[in-house]
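Inside the fold
Single-letter residue listing:
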Amino acid sequence: MVDLDAAEPEEDDPDWDDMVMNIGSEIIRDVRAAIRERLKYTCSAGIARNKMMAKLGSAYKKPNSQTIVRNRAVQHFLSTFKFTKIRNLGGKLGDQVVETFGTDELTELLKIPMEQLKSKLGDDTGTWVHAVIRGEDHSEVNSRTQIKSMLSAKSFRPSINTFEQAVKWLTIL
């Protein structure tokens, strides 16, 4: 569970969102355990109020971990990242933001008013950046049933030296 900011006391009663995330975390714990038991794979998970925060939570302490980002902890959690780690801010747009504002620190970017973001990045992009660095994301979660990609790899020491060895390993892989 992501800690709260030092100024926010843990003693405050949990709110409804905290309770829902707790229930969600129990479900995800059971799903991860079933994957481990049946398939022998480990996996990480993020539980948060939206897709972007859940993805960041999932990647937070890989491998084989589960991170809950409570609503009250969003800003504290995000402050540990460079904003270029946020989905869609790592490429050209991220480079543009760094060049325009001279920082890749999320905490520094939070100080920039929305109007300045909009004037430098355009209305839509500036508004989106303003929201996303505050943990707001309204993108839908799309379920996937088809495999997107698959990888199998092997390092050879000593190296493969014959065609027969290569065919053997290609068959295995």
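Residues numbered from 1 in each chain as written. Predicted model: local features only at pLDDT ≥ 70, side-chain atom pairs only at ≥ 80, totals over all residues. Heavy atoms only, no water.

**Concerning the overall build of the protein chain**
Selection criterion: The helix count covers DSSP runs of H or I at least four residues long, the strand count covers runs of E at least two residues long, and both are numbered beginning at the N terminus. The reference for a compact globule is 2.2 Å times residues^0.38; the radius of gyration itself is calculated from the C-alpha atoms. When a residue's accessible area, from a 1.4 Å probe over protein chains only, is under 20% of the maximum for its type it is buried; when over 50% it is exposed; and in between it is partly exposed. All tallies of charge rest on Lys and Arg as positive and Asp and Glu as negative; His and the ends of each chain are not included. Charged side chains are reduced to one point each, which is NZ for Lys, CZ for Arg, CG for Asp and CD for Glu.
Summing up its helical and strand segments, the protein chain has 8 helices and 2 strands in all. When its helices and strands are written in sequence order, the protein chain yields α-β-α-β-α-α-α-α-α-α. Relative to a compact globule of 173 residues, whose C-alpha radius of gyration would be 16 Å, the protein chain shows 21 Å and is clearly more extended. Relative to its 173 residues, the protein chain shows a buried fraction of 27%. Of note, the protein chain has its 25 positive side-chain charges centred 11 Å away from the centre of its 25 negative side-chain charges.

**Quick word on unusual backbone geometry**
Here K62 and P63 are connected by a cis peptide whose omega angle stands at -5°. Relative to the assigned elements, P63 resides in the loop between α2 (51-60) and β2 (66-68). Cis peptide bonds are those with omega within 30 degrees of zero, and the linkage from R157 to P158 qualifies with 5°. Unusually for a residue other than glycine, K40 sits at a positive phi of about 65°. Turning to its location among the elements, K40 is positioned in the loop between α1 (16-39) and β1 (45-47).

**Section: the side chain of S58**
Convention followed: Residues count as neighbours in contact if any of their non-hydrogen atoms are within 4.5 Å of one another.
Looking at the element boundaries, S58 is found in helix α2. A relative accessible area of 17% places S58 in the buried class. When near neighbours in sequence (up to four residues on either side) are disregarded, S58 contacts S44, A45 and G46.

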